[in-house]
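Listed below, chain by chain, are the residues.
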Amino acid sequence: YLTTLAGNGSILMAIGTDAHLQTPMYFFLSNLSLLDILCPTVIVPKMLQIFLSKDKKISFVGCVLQLFFLLDVLGTEIFLLAVMAYDRYVAICSPLHYATIMNKQWCIQLMAGIWLLGLINSVIHTILIFRLSFCGSKKLNQYFCDLQPVIALSCSSTYLVEVVHLLVAGIIGSGAFLVTLISYIYIISTILRMASTEGRHKAFSTCGSHLIVVCLFYGATIATYARPTSSYSGKQGRIISMLYGIITPMLNPMIYSLRNKEVKKALYKTFNLKIFS
């Protein structure tokens, strides 16, 4: 958790203080770092408190809030990764029009829309889930309040909740995935047509980090949410949830900083100046 805070906090600081990184690509990256701080912050502090104390309980209100913020962050991140893929598509396939298309106002509007969609997604799921009746065992087979383990505790009909869940997950997941897939089909075909080897290498390096992050995040979230609750396995679910909730947010800043010369340069410059000041 501390590694996640330090890594993503460093990227936010580097982007905020370096004039060379005031571009749409790094604007979206700073939002990704913010989400990667928020996601484990929703999960880890309470989880550690439960592990380290005799009190193994979470209140009903605490569970509602935890699920609400978790779904909000995850939904927003799915949309953000799709927008980042579109940004790379415009940069590589239409470089002369990039500044016109991805202008500051449009980027801010995109981000506002992404955060709003994530919020709407979370509100819908949270309201539907906590309208269910809960009786009998209140033991949650998970480290935190997640969608499927909470639904599994209900003693009332979960048909409507599961249908809405699968429909929304399918629309959001497939929509974001299609945007990302189509963007990368055009990106790869454009890169392969480049005459310069150096140009191809530079183009691949700017997309490689994002592609790794997309594979990690999409793989874990699809494995968790794009399936019915009846197929939920406690042990497997806990392992997968650790990937998208804790491991991926920790790895993202390492992937971007290790593969990106501009980020490494900005980090060195920022912390070198801080030390000397």
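Since the model is a prediction, treat every value here as computed from it, not as a measurement.

Draft legend 1. Local environment of the environment of T76. The topology assignment puts T76 in helix α3 (residues 60–93). Through-space distance from the C-alpha of T76 to that of L35 is 8.1 Å; in sequence the pair is 41 residues apart. Leave out the neighbours within four places in its chain, and T76 touches L35, I114, W115 and G118. A polar side-chain atom of T76 sits 2.7 Å from the main-chain carbonyl oxygen of D72.

Draft legend 2. Region of the structure containing the UniProt feature "transmembrane region" (unreviewed entry) in the chain. Per the UniProt record, the feature "transmembrane region" (unreviewed entry) sits at residues 26–48, 60–86, 106–131, 167–192, 204–226 and 238–258. Strand forms 0% of residues 60–86 and helix 100%; the C-alpha atoms that close the span are 40 Å apart. Across residues 167–192, the secondary structure splits into 100% helix and 0% strand, with the terminal C-alpha atoms separated by 37 Å.

Draft legend 3. A look at the side chain of S183. One can find S183 in helix α7 (residues 159–192). If we skip the residues at most four places from it in the chain, S183 touches A85, Y86 and Y89.

Draft legend 4. Spotlight on the pattern of salt bridges. In total, this model carries one salt bridge according to the counting rule given. D87 is the salt-bridge partner of R88, the closest N and O atoms lying 2.9 Å from each other. The exposure classification of R88 matches that of D87, with both residues buried.

Draft legend 5. Geometry of the state of the cysteines. In this structure the tally under the stated criterion is one disulfide. Two residues share a disulfide in this structure: C63 and C145, whose sulfurs sit 2.1 Å from each other. Taking the torsion about the S-S bond as the criterion, the C63 to C145 disulfide, at about -120 degrees, is left-handed. Note that C63 is positioned in helix α3 and C145 in the loop between α5 (104–129) and α6 (147–153), a separation of 82 residues in sequence. By the burial criterion, C63 is buried, and C145 matches it.

Draft legend 6. Local environment of the confidence of the model for the chain. Taken residue by residue, the chain gives an average pLDDT of 83. The fraction at 70 or more is 91%. Predicted confidence in the chain is weakest over helix α10 (residues 261–276), with a mean pLDDT of 70, and strongest over α5, with 92.

Draft legend 7. Examining the packing of aromatic side chains more closely. Taken as a whole, this structure holds six aromatic pairs when the rule is applied. Centroid distance F27 to F28: 5.7 Å. Interplanar angle 55 degrees. Geometry classified as tilted. Measuring from centroid to centroid gives 6.0 Å for Y86 and Y89, while their planes differ by 35 degrees, and the two rings are tilted. With Y86 and Y89 both in helix α3 and three residues apart, this pair spans about one turn of that helix.

Conventions used here
Residues numbered from 1 in each chain as written. Predicted model: local features only at pLDDT ≥ 70, side-chain atom pairs only at ≥ 80, totals over all residues. Heavy atoms only, no water. Helix = DSSP H or I, 4+ residues; strand = E, 2+ residues; numbered from the N terminus. Contact = heavy atoms within 4.5 Å. Polar contact = N/O pair within 3.5 Å; in protein donor to acceptor, adjacent residues only side chain to side chain. UniProt positions renumbered as here; feature names shortened; annotations may be inferred. Salt bridge = Lys/Arg side-chain N within 4 Å of Asp/Glu carboxyl O. Buried < 20%, exposed > 50% of the residue type's maximum accessible area, 1.4 Å probe, protein only. Disulfide = S-S within 2.5 Å. pLDDT = per-residue confidence, 0-100. Phe/Tyr/Trp six-rings, centres within 6.5 Å; stacked < 30°, edge-to-face > 60°.

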